[in-house]
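A structural walkthrough
Listed below are the residues making up each chain.
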Amino acid sequence: MRRPLVLGNWKMHGTLAQARQWAGAARAMAESQPQVEVGVVPAHVHLPACLELAAGSALRVGAQDLSAHGAGAYTGEVSAPMLADLGAQVVLVGHSERRQYHGEDDELVARKVAIALAHGLLPVLCVGESLEEREAGLSGEMVLRQFEAVAAHIGSEGLRGIALAYEPVWAIGTGRTASPEQAQEVHALLRSALGRHDAMLRGLVRILYGGSVKGSNASQLLAQADIDGALVGGASLVPEEFAAICRAAGEAAAQAGA
Ligand code: PGA
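A brief report on the enclosed structure follows. Position numbers for residues count from 1 along each chain, tracking the sequence in the order it is written. Where totals are concerned, whole chains, interfaces and linings use all residues; where local detail is concerned, this predicted model gives features only for residues with pLDDT of at least 70, and gives and counts side-chain atom pairs only at 80 or more. Where side-chain values are given, they derive from all heavy atoms of the structure, hydrogens and water being excluded.

**Remarks on the overall build of the protein chain**
In this text, helices come from DSSP runs of H or I with a minimum length of four residues, and strands from runs of E with a minimum of two, each type numbered from the N-terminal end. The helix and strand tally for the protein chain stands at 11 helices and eight strands. At 17 Å, the protein chain has a C-alpha radius of gyration in line with the 18 Å of a compact globule built from 258 residues. If you line up the protein chain on its principal axes, its C-alpha atoms span 45 × 45 × 35 Å. Out of the 258 residues in the protein chain, the part that is buried amounts to 53%. Only four residue types enter the charge count, namely Lys and Arg as positive and Asp and Glu as negative; His and the chain termini do not. The location of each charge is read from NZ of Lys, CZ of Arg, CG of Asp or CD of Glu. Placing the 20 positive and 27 negative side-chain charges of the protein chain at their respective mean positions leaves the two points 4 Å apart. Restricting the calculation to C-alpha atoms gives the radius of gyration, and the globule rule supplies 2.2 Å times the number of residues raised to the power 0.38. Using a 1.4 Å probe on the protein chains alone, a residue whose accessible area is under 20% of its type maximum counts as buried, one over 50% counts as exposed, and one in between counts as partly exposed.

**Examining the site of the ligand**
Neighbouring the ligand are 13 residues, the closest being Lys-11, His-95, Glu-167, Gly-173 and Ser-212. Nitrogen and oxygen atoms within 3.5 Å of one another constitute a polar contact, given that in protein one can donate a hydrogen and the other can accept it, and given that sequence-neighbouring residues count only through two side-chain atoms. Asn-9 places a polar side-chain atom, nitrogen or oxygen, 3.5 Å from an oxygen atom of the ligand. Here Lys-11 contributes a side-chain N or O atom positioned 2.7 Å from an oxygen atom of the ligand. Class assignment of the residues belonging to the shell around the ligand gives a composition of four nonpolar, seven polar and two charged. In this text, near means that some heavy atom of the residue lies within 4 Å of the molecule or strand in question. All residues other than Ala, Val, Leu, Ile, Met, Phe, Trp, Tyr, Cys, Pro, Asp, Glu, Lys and Arg, Gly among them, are scored as polar; the first ten of these are nonpolar and the last four charged.

**Quick word on helix H5 (residues 106–118)**
One fewer than the residue count of a helix, multiplied by 1.5 Å, yields its expected span. Taking 1.5 Å as the rise per residue, H5 with 13 residues should run 18 Å; its terminal C-alpha atoms sit 18 Å apart, in good agreement. If you check which residues of H5 are buried, you get Asp-106, Val-109, Ala-110, Lys-112, Val-113, Ile-115 and Ala-116. The criterion used for residue contact is that any of the two residues' heavy atoms lie within 4.5 Å. Tucked inside the fold, the buried residues of H5 contact helix H3 (80–86), strand E4 (90–93), helix H4 (96–101), strand E5 (122–127) and helix H7 (139–159).

**Quick word on the packing of aromatic side chains**
Between the rings of Phe, Tyr and Trp (Trp by its six-membered ring), a pair exists once the centres lie within 6.5 Å; its type follows the angle of the planes, with under 30 degrees stacked, over 60 edge-to-face, and the other angles tilted. Enumeration according to the criterion identifies two aromatic pairs in this entry. Consider the rings of Trp-10 and Trp-22, whose centres lie 5.2 Å apart with planes at 65 degrees: the pair is edge-to-face. Of this pair, Trp-10 sits in the loop between strand E1 (5–9) and helix H1 (16–32) while Trp-22 sits in helix H1, and the two are 12 residues apart along the sequence. Judged on exposure class, the residue Trp-10 and its partner Trp-22 are both buried.

**So, unusual backbone geometry**
One non-glycine residue with positive phi stands out, namely Lys-11, at about 50 degrees. Here Lys-11 lies in the loop between E1 and H1. Located in the positive-phi region is Ser-212, a residue other than glycine, with phi close to 55 degrees. Residue Ser-212 is classed as buried on the basis of its relative accessible area of 17%.

**Re the nonpolar core**
The criterion is simple. A nonpolar core is a set of buried Ala, Val, Leu, Ile, Met, Phe, Trp, Tyr and Cys residues joined through side-chain atoms within 4.5 Å. Leu-66, Leu-83, Leu-164, Leu-190 and Tyr-209 are the most contacted members of the largest nonpolar core, which totals 69 residues. Examining the composition of this core, we find that seven residues originate from one element, H7, more than from any other. If we ignore the near neighbours within four places in the chain, the residues touching Leu-83 are His-44, Leu-47, Ala-63, Asp-65, Leu-66, Val-78, Ala-88, Val-91 and Leu-121. Grouped together as the second largest cluster of nonpolar side chains are 12 residues, Val-90, Ala-165, Leu-208 and Leu-231 included.

**Things to note about the environment of Gly-210**
Among the structural elements, Gly-210 can be located in strand E7 (residues 207–210). Along the backbone, Gly-210 and Gln-33 are 177 residues apart, and their C-alpha atoms lie at a distance of 20 Å. Among all residues touching Gly-210, those that are not within four sequence positions of it are Tyr-166, Glu-167, Pro-168 and Leu-231.

**Thoughts on the pairing of strand E2 (residues 37–41)**
The element E2 is extensively covered by neighbouring structure, given that five of its five residues are classed as buried. A two-sided burial pattern is seen for E2, the buried positions comprising Glu-37, Gly-39 and Val-41 on one face and Val-38 and Val-40 on the other. In this structure, E1 lies alongside E2, joined through five bridges in parallel fashion. Bridge pairing links Leu-7 to Gly-39 in E2. This β-α-β element, E1 to H1 to E2, shows right-handed connectivity. One requirement defines pairing of two strands: DSSP has to find at least two bridges between them. Note: E2 against strand E3 (residues 60–63), two bridges, orientation parallel. Its bridge partner being in E3, Gly-39 is matched across the sheet by Arg-60. Call a crossover right-handed when, viewed with both strands pointing away from you, the route from the first strand across the helix to the second goes clockwise.

Worth remembering: the numbers are spatial, not functional.
Take a look at the structure:
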């Protein structure tokens, strides 16, 4: 059984004091829901404080992005070795906000995933279609294109070390969640695609759902056969909401194990 992963993506929010408070609350959830892997991805500047708070606990801490380069004259960038050196364990790659506002294409995303893997980080590869693409019936085609571009670069061996996050762009920060059925359909497509690379990957790689996940819709989403966790934006800034999502993941894991 795949252990659910619930990741809070704080994006560009919060003061240092808030980051500490949110991380403390997430740590409590990691402790109270041992069947769930709980993590947070703060802004880079808040990483050391969050890592300190997570020390000695099961809480995972990581970054929202990384450079495709290992080191060098890349002003403003943060490298995989820097993240690994701090003790970060996970990193989002190819979030739609990076693709949309920073022009990240499939090729760059693939190189970022590869360098994260090379430094022992868990890359969470984000894929998702826009509203126009969904309305044109292209959801499956878009997410498979984004996935296959990375798969071609890292191969089955690399795919073993990643997690996927399906995040329909039209559901991010909009309050408009994909229905559990809509999400499950795309998750199943991605799982089949994993299986075509190596049958073993079907059962191994976790596929998270992201896009307006909150306490009130988490259970239904997480009850789907191919949804293995949640990537949570807005609701991760509200400790009670994030806690409710972690509990829902714990319940889903208990049900699946039963
Ligand atoms: P949201 O963001 O939960 O605020 O929709 C999800 C994400 O962008 O990871």
